[in-house]
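In case you want the letters, here they are:
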Amino acid sequence: MLTPTPIDQSYNKVITTIKSCKTKTQLEGASRMVENFKEIYRQVGYPKVLSYSLNREIKRKKLWY
């Protein structure tokens, strides 16, 4: 069994937050959370696919509002 790394845990938390948004204000907060994630993990070199995935989730959710 794989042990989750801090980046995996952070990524999953951000995805869960995005999916749980019910208002535009909450989605704006989730967008800031995505930007913080990118800023923190950019310094250690994270896979760009995570960034694209987070952006895609935000865009999907914005279509609902």
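Before any of the text, the structure's been laid out above.
Computed from a predicted model, the values in this text were never measured in an experiment.

Peer 1: How should I be thinking about the pattern of salt bridges in this particular structure?
Peer 2: Pairing between side chains becomes possible if they bear opposite charge and their charged atoms approach one another. Taken as a whole, this structure holds three salt bridges when the rule is applied. One salt bridge in this structure joins Lys38 and Glu35, with 3.6 Å as the shortest N-O distance. Separated by three residues within a single helix, Lys38 and Glu35 lie in helix α2 (residues 24-42), roughly one turn from each other. Taking relative accessible area as the criterion, Lys38 reaches 8% and is therefore assigned buried.

Peer 1: I'm lost on the environment of Lys38 in this one. Help?
Peer 2: Taking the C-alpha atoms as reference, Lys38 lies 6.8 Å from Ser51; in sequence the two are 13 residues apart. Not counting chain neighbours up to four residues away, the residues in contact with Lys38 comprise Tyr46, Ser51 and Asn55.

About the criteria used
Residues numbered from 1 in each chain as written. Predicted model: local features only at pLDDT ≥ 70, side-chain atom pairs only at ≥ 80, totals over all residues. Heavy atoms only, no water. Salt bridge = Lys/Arg side-chain N within 4 Å of Asp/Glu carboxyl O. Helix = DSSP H or I, 4+ residues; strand = E, 2+ residues; numbered from the N terminus. Buried < 20%, exposed > 50% of the residue type's maximum accessible area, 1.4 Å probe, protein only. Contact = heavy atoms within 4.5 Å.

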